[in-house]
Structure formats: C-alpha cells, structure tokens
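# Topology and contacts: notes
Listed below are the residues making up each chain.
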Amino acid sequence: MHVTSTHRLDDGLVERTFTLGEVPGILWTPPTATAAAPAPLILMGQPGGIGMARMHPRLAARARSAAEQGFASVSLELPGAGERAPLPGAAEARAELGRAIAAGVPPTEDTVDRLILPLVDRAVPEWQTALDELLALPELAPRVGFSGGVIAIGVRLAAIEPRIAAAGLFAGSYVPRATLAEAREVTIPLHVLLQWDDEGNDRAMALELFDAFGSTEKTLQANLGGHTGVPAFAGEDAARFFARHLGPRAD
C-alpha cells in the first residue's frame with residue numbers, strides 16, 4: 001500500500017489517500033485509534049459508476065459518523081469508476097438497463113449479469129487485498145464490517161471473507177440470480193436497508209434476496225421514500241448495529 005497524502009482534519013480524523021497497485025483508496029482513522037487501542041474497520045461501499053471524487057463529501061460524512069463510534073473507515077475506487085479503465089461491456093449493459101426501466105419492463109437476467117458480475121468479480125479480490133494490507137496496520141483491529149455500496153459486492157464478501165463480522169447493506173438494486181445463491185451462504189449478522197419507493201429498483205427482488213440470506217440474525221429496515229429519501233434515524237440505527245457487533249463488547 002502506497003500512501004500518497006495524509007491530512008488531519010479539524011475534528012482529529014486522519015484521512016490518508018493511498019494506492020494499492022492500480023486501485024485508489026481513502027482510509028479514515030479516528031484520533032482514538034492507536035496500537036494500544038486499535039479501531040475496528042468499516043469497509044465503505046459506494047454506488048457503481050460515480051467515482052470517489054464525486055462521492056468524497058458523502059464518504060467523509062460517513063467516515064466521521066463511524067469515527068464517533070470509534071471506528072476507522074476505508075473506501076476503494078470501484079473497477080470502471082473514476083480514472084480507472086471502463087469495464088468491457090458495462091456501458092452497453094447500463095444503457096440496456098436504463099431503456100428497460102424507462103419502458104417500465106424488467107431488464108433481462110443477461111443484462112443484469114453483464115452489468116454486475118464483472119464488477120463483483122473484480123471488486124471482491126481488491127477488497128480482500130486491501131484487507132491484507134490494512135489489517136497489518138497496528139492502529140486497526142481485526143474486527144471488520146461492510147457498509148453500503150453495490151449490494152452484490154457486499155453479498156459475495158459476506159459469503160466468502162471470514163474477516164468480515166457484520167454487514168449493513170442497501171437493498172433495492174437489481175442483482176444477478178447468482179447473488180441470490182451466494183446469499184444462502186451468508187451467516188454473519190445483517191442490517192438491510194430498503195427504501196420502499198426506490199425509483200427504478202425492484203422491491204420484490206430485494207425482499208427475495210433478504211429471504212435468501214442464511215443468517216440467523218438479519219434485520220430488514222424498510223422506510224417510505226425514494227432512493228435519496230433515507231431518513232436520518234436509519235443511519236443511526238445502522239450505527240448502533242455496527243457498535244453492537246464490532247465494538248468492544250463484541251469480543
């Protein structure tokens with residue numbers, strides 16, 4: 001991991017930008033994180049195709065909220081986003097998805113697979129490599145959560161990565177049928193947020209995915225409103241979920 005810049009913000013939060021090979025990332029650590037008192041780490045997902053530069057204000061706000069709980073946070077630039085090379089076929093698949101939604105018809109499974117599966121196949125190993133590097137830092141504890149972003153990435157990580165102890169997922173986007181199969185292998189505690197009126201997303205698929213999870217502790221929080229209408233208390237509930245499963249009492 002190559003650190004490219006380090007900034008201490010007004011509230012004491014330390015923001016480090018880094019690269020991991022070709023993958024840019026940002027790590028935020030609270031002032032309380034030390035080798036003697038390492039902080040749990042939250043992997044902050046983000047929507048596909050937007051990029052960290054545009055997402056930075058929202059990511060930093062999420063990192064500050066996590067720091068109030070004593071957690072560090074990290075985000076990686078997704079494959080095909082920002083300055084990274086586009087994923088082959090992604091633009092065409094995204095255009096097909098947009099046309100289907102505009103016409104009021106479900107997209108085909110092939111369209112969803114071509115849009116999502118290559119992204120998951122690339123992103124998940126990158127997150128695992130990042131964990132290898134980050135958990136070697138003395139100020140970070142080996143208690144890890146995954147929060148938000150592309151739900152298919154979160155599902156696969158939750159299914160195969162033993163270092164992730166809990167996940168907060170944002171439901172509602174289209175997912176490949178393969179993701180539903182992977183969800184049955186997920187056994188960690190889950191907090192799943194669903195905006196009931198999320199524009200252009202498939203509520204029935206979100207409920208099917210939640211039902212498929214193999215976890216014995218899973219919570220679905222559904223709120224009225226569209227994609228950008230997430231109530232403030234929903235974030236507070238997610239923070240309590242991570243405090244319960246990653247905080248000191250989680251040991």
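Note that the structure is predicted; figures quoted are calculated from it, not measured.

## A look at the packing of helix 2 (residues 90-103) against helix 3 (residues 109-134)
At a closest axis distance of 9 Å, the pairing of helix 2 and helix 3 adopts a crossing angle of 135°. With respect to helix 3, the element helix 2 is oriented oblique. The hand of the helix 2/helix 3 crossing is left-handed. Facing helix 2, whose interface residues are Ala90, Ala93, Arg94, Glu96 and Leu97, helix 3 presents Thr111, Arg114 and Leu115. The residue makeup of the contact of helix 2 with helix 3, split by class, is four nonpolar, one polar and three charged.

## Let's talk about the side chain of serine 215
Summarising the element assignment, serine 215 is placed in the loop between helix 6 (203-212) and strand 9 (218-223). Look at serine 215 and you get buried, because its relative accessible area is 6%. Serine 215 has contacts with Val186, Thr187, Ile188 and Leu190, leaving out every residue within four places of it along the chain.

## Re the environment of alanine 60
As for its position among the elements, alanine 60 is in helix 1 (residues 52-68). Note on alanine 60: relative accessible area 7%, which makes it buried. In this structure the C-alpha to C-alpha distance between alanine 60 and glutamate 217, which are 157 residues apart in sequence, comes to 29 Å.

## Observations concerning the sheet that holds strand 5 (residues 72-76)
What the nine strands build is an open sheet, ordered 1-2-3-5-4-6-7-8-9; its pairing is mixed. Either end of the sheet is taken by a strand with one partner, and the two such strands are strand 1 (2-8) and strand 9. For this sheet, the mean inter-axis angle between neighbouring strands, taken without regard to orientation, is 20°. The pairing of strand 4 (residues 39-44) with strand 5 spans three bridges and is classified as parallel. By the bridge assignment for strand 5, isoleucine 42 is matched with serine 73. Sheet strands in contact with helix 3 are strand 2 (14-20), strand 3 (23-29), strand 4, strand 5 and strand 6 (140-147), and its direction is about 140° off that of strand 5.

Conventions adopted
Residues numbered from 1 in each chain as written. Predicted model: local features only at pLDDT ≥ 70, side-chain atom pairs only at ≥ 80, totals over all residues. Heavy atoms only, no water. Axes fitted to C-alpha atoms, helices over the stretch in contact; angles between N-to-C directions. Helix = DSSP H or I, 4+ residues; strand = E, 2+ residues; numbered from the N terminus. Parallel < 35°, antiparallel > 145°, perpendicular 65-115°, else oblique. Left-handed = near helix turned anticlockwise from the far one by under 90°. Contact = heavy atoms within 4.5 Å. Nonpolar A, V, L, I, M, F, W, Y, C, P; charged D, E, K, R; others polar. Buried < 20%, exposed > 50% of the residue type's maximum accessible area, 1.4 Å probe, protein only. Pairing = 2+ DSSP bridges.

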